[in-house]
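# A structural walkthrough
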Amino acid sequence: MGNFSIITEFLLMEFSSLRELQILHAVLFLLIYLAAVLGNLLTCAAIITDPHLHCPMYFFLSNLSLVDIGNISVTLPKFIVNTLCGVQSLSILGCAAQMFFFFFFAATEYALLLAMSYDRFVAICQPLHYGIIMTPARCLRAAAGSWLSGLLYSAVHTGNMFRLPFSGSNVIHQFFCDITHVLKVLTSDVFNTEFVLLIASLCCLSGCFAFLIATYARIFSRVLKIPSVEGRYKAISTCSPQLIILILFLASGMIAVLKDSSDTSPIQNLLTAMAYTTLPPLLNPLIYSLRNQKVKAAMGKMIRRMFFLKKHSSLKT
């Protein structure tokens with residue numbers, strides 16, 4: 001039963017009441033988590049160790065991989081531990097931490113995708129000026145600005161929502177601290193302030209989205225003017241992974257915002273939340289390794305080098 005007084009902790013929902021199924025779910029999501037973290041770590045390591053990938057596009061990709069590791073680490077580890085330990089409660093501080101990092105990594109990823117789209121725009125539409133515009137210093141400032149904007153965005157929203165006590169039901173029909181439920185138990189003063197902040201955020205995000213649409217429209221109009229089929233294919237292959245990742249990110253964001261939990265069962269809500277919190281970090285490395293030959297080659301070279309060193313050291317002993 002939900003508690004309708006001052007909230008001191010939240011109660012999260014379980015996938016099943018059967019202990020065997022709880023352990024099965026924990027093991028399954030542990031495998032998903034390890035696969036996502038390993039895929040993104042391999043992408044980062046391949047970019048760092050291969051000199052051919054030391055360019056702006058892959059620099060931003062390595063930052064995106066770090067964000068994906070953080071993104072999936074916000075919710076899944078806590079869910080796995082709680083499931084194995086049979087715990088449903090989440091403290092107010094724990095909820096604030098999840099909310100802070102959820103906002104932080106989501107906003108940072110959106111800013112990085114903006115930087116990546118501009119990088120592809122310059123590379124395809126202004127190739128002669130690419131080295132002048134996309135200098136290492138500017139790329140570093142763009143990446144630092146992305147992380148800083150995510151930090152600022154998260155601090156403003158989380159600081160506002162958790163500045164006063166909550167009152168209402170403490171039951172959350174999710175496996176993590178769901179934003180929509182927290183909004184329902186805010187006091188009127190905090191909710192009004194948060195509503196204004198969300199409207200301002202929506203206007204800012206809409207402006208950034210318009211920039212993304214305009215950027216990719218210019219890119220594809222330029223690609224269509226390339227006379228050779230091989231040239232068009234090469235240009236599209238350099239920006240298609242970013243575009244796929246962008247679509248995946250926006251689709252997951254729209255599902256998170258527009259989903260109507262009142263018309264669906266709790267299990268459907270849980271599965272939907274699992275989809276938009278785990279799929280982007282899990283699929284992004286696959287998209288890049290499958291669609292980008294340079295990343296695939298760098299990963300293969302790095303893995304072969306690791307096995308060679310291991311084999312060589314075992315022969316010595």
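The shown structure was predicted, so the numbers you read here are calculated from the model rather than taken from an experiment.

Locating Asn284 in the fold gives a position in helix 9 (residues 266–291). Accessibility expressed as a relative area gives 4% for Asn284, which makes it buried. Residues contacting Asn284, with those up to four places away along its chain left out, are Asp68, Glu109, Ile245 and Leu248.

If you trace the three strands from one edge of the open sheet to the other, you get 2-1-3, paired in mixed fashion. The open sheet has two edge strands, strand 2 (89–91) and strand 3 (171–172), and neither has a second partner. Pairing analysis gives three bridges linking strand 1 (residues 9–12) to strand 2, with the strands arranged antiparallel. Residue pairing across strands places Leu11 opposite Ser89, the latter belonging to strand 2. Those strands touched by helix 3 (residues 92–125) are strand 1 and strand 2, and its axis lies near 80° from that of strand 2.

To continue, consider the packing of aromatic side chains. On inspection of all chains with the given rule, the structure shows 14 aromatic pairs. Between Phe102 and Phe176 the ring centres are 6.1 Å apart and the planes differ by 20°, which places this aromatic pair in the stacked class. Separated by 74 residues along the polypeptide, Phe102 in helix 3 and Phe176 in the loop between strand 3 and helix 6 (179–184) bring together distant segments of the chain. Through successive ring pairs, a cluster of aromatic residues spans Phe29, Phe79, Phe102, Phe175 and Phe176.

With that settled, the discussion passes to the environment of Leu93. Tracing the chain through its elements places Leu93 in helix 3. Considering only alpha carbons, one finds Leu93 and Glu9, 84 residues apart in sequence, at a separation of 8.7 Å.

Let us look at helix 7 (residues 188–224). The end-to-end C-alpha distance of helix 7 is 53 Å, a good match for the 54 Å that 37 residues give at a rise of 1.5 Å each. Along helix 7, the residues classified as buried are Val190, Glu194, Ser201, Cys208, Leu212, Thr215, Tyr216, Ile219 and Val223.

Our focus in this paragraph is empty space enclosed by the protein. Tallied over the full model, the rule gives two cavities of 30 Å³ or more. Reported here for the largest cavity is a volume of approximately 130 Å³. Together, 13 residues line the largest cavity, and Met13, Glu14, Phe79, Thr83 and Val87 are the ones closest to its centre. Secondary-structure elements contributing two or more residues to the lining of the largest cavity are helix 1 (19–49) and helix 2 (56–85). The element contributing the most residues to the lining of the largest cavity is helix 2, with three residues. There is about 30 Å³ of room inside the second largest cavity. As for the second largest cavity, its lining consists of Thr49, Asp50, Ala298, Lys301, Met302 and Arg305. Counted by class, the lining of the second largest cavity contains two nonpolar, one polar and three charged residues.

Attention now goes to the nonpolar core. Core analysis: the biggest nonpolar cluster contains 61 residues, and Phe60, Leu76, Phe79 and Ile219 have the highest contact counts within it. Per-element tally for this core: the top contributor is helix 3, with 13 residues. Leaving out residues up to four positions away in the same chain, Ile219 has contacts with Ser117, Arg120, Phe121, Ile124, Cys125 and Cys239. Core analysis: the second largest hydrophobic core is formed by 18 residues, Ile7, Phe10, Phe166 and Val182 among them.

So, about the state of the cysteines. Throughout the structure, instances matching the rule amount to one disulfide. At a sulfur-sulfur separation of 1.6 Å, the disulfide partner of Cys95 is Cys177. Within this pair, whereas Cys95 is found in helix 3, its partner Cys177 is found in the loop between strand 3 and helix 6, the two being separated by 82 residues in sequence. Given a relative accessible area of 2%, Cys177 falls into the buried group. Between Cys55, a free cysteine, and Cys139, which holds the nearest cysteine sulfur, the sulfur-to-sulfur gap is 9.0 Å. Judged by its relative accessible area of 27%, Cys55 is partly exposed. Left unpaired, Cys208 is separated from the closest cysteine sulfur, that of Cys204, by 4.4 Å. Here Cys208 falls in the buried class, since its relative accessible area comes to 19%.

A separate point is the environment of Ile23. In this fold, Ile23 is placed in helix 1. Note: C-alpha distance between Ile23 and Thr83 (60 residues apart in sequence) is 7.0 Å.

Right, let's get into helix 5 (residues 136–161). Across its 26 residues, helix 5 extends 38 Å between first and last C-alpha, which sits within 8% of the 38 Å expected from 1.5 Å per residue. Of the positions making up helix 5, those classed as buried are Cys139, Ala143, Ser146, Gly150, Ser154, His157, Thr158, Asn160 and Met161. Residues of helix 5 that are buried in the fold lie against helix 2, helix 3, helix 6 and helix 7.

Here is what the cut-offs are and how they apply
- Residues numbered from 1 in each chain as written.
- Predicted model: local features only at pLDDT ≥ 70, side-chain atom pairs only at ≥ 80, totals over all residues.
- Heavy atoms only, no water.
- Helix = DSSP H or I, 4+ residues; strand = E, 2+ residues; numbered from the N terminus.
- Buried < 20%, exposed > 50% of the residue type's maximum accessible area, 1.4 Å probe, protein only.
- Contact = heavy atoms within 4.5 Å.
- Pairing = 2+ DSSP bridges.
- Axes fitted to C-alpha atoms, helices over the stretch in contact; angles between N-to-C directions.
- Phe/Tyr/Trp six-rings, centres within 6.5 Å; stacked < 30°, edge-to-face > 60°.
- Expected span 1.5 Å × (residues − 1).
- 1 Å grid on protein atoms, 1.4 Å probe; cavity = no way out; pocket = protein on both sides within 12 Å on 5 of 7 lines; lining within 4 Å.
- Points joined across faces, edges and corners; volume = space filled by probe spheres on them.
- Nonpolar A, V, L, I, M, F, W, Y, C, P; charged D, E, K, R; others polar.
- Core = buried A, V, L, I, M, F, W, Y, C linked by side-chain atoms within 4.5 Å.
- Disulfide = S-S within 2.5 Å.

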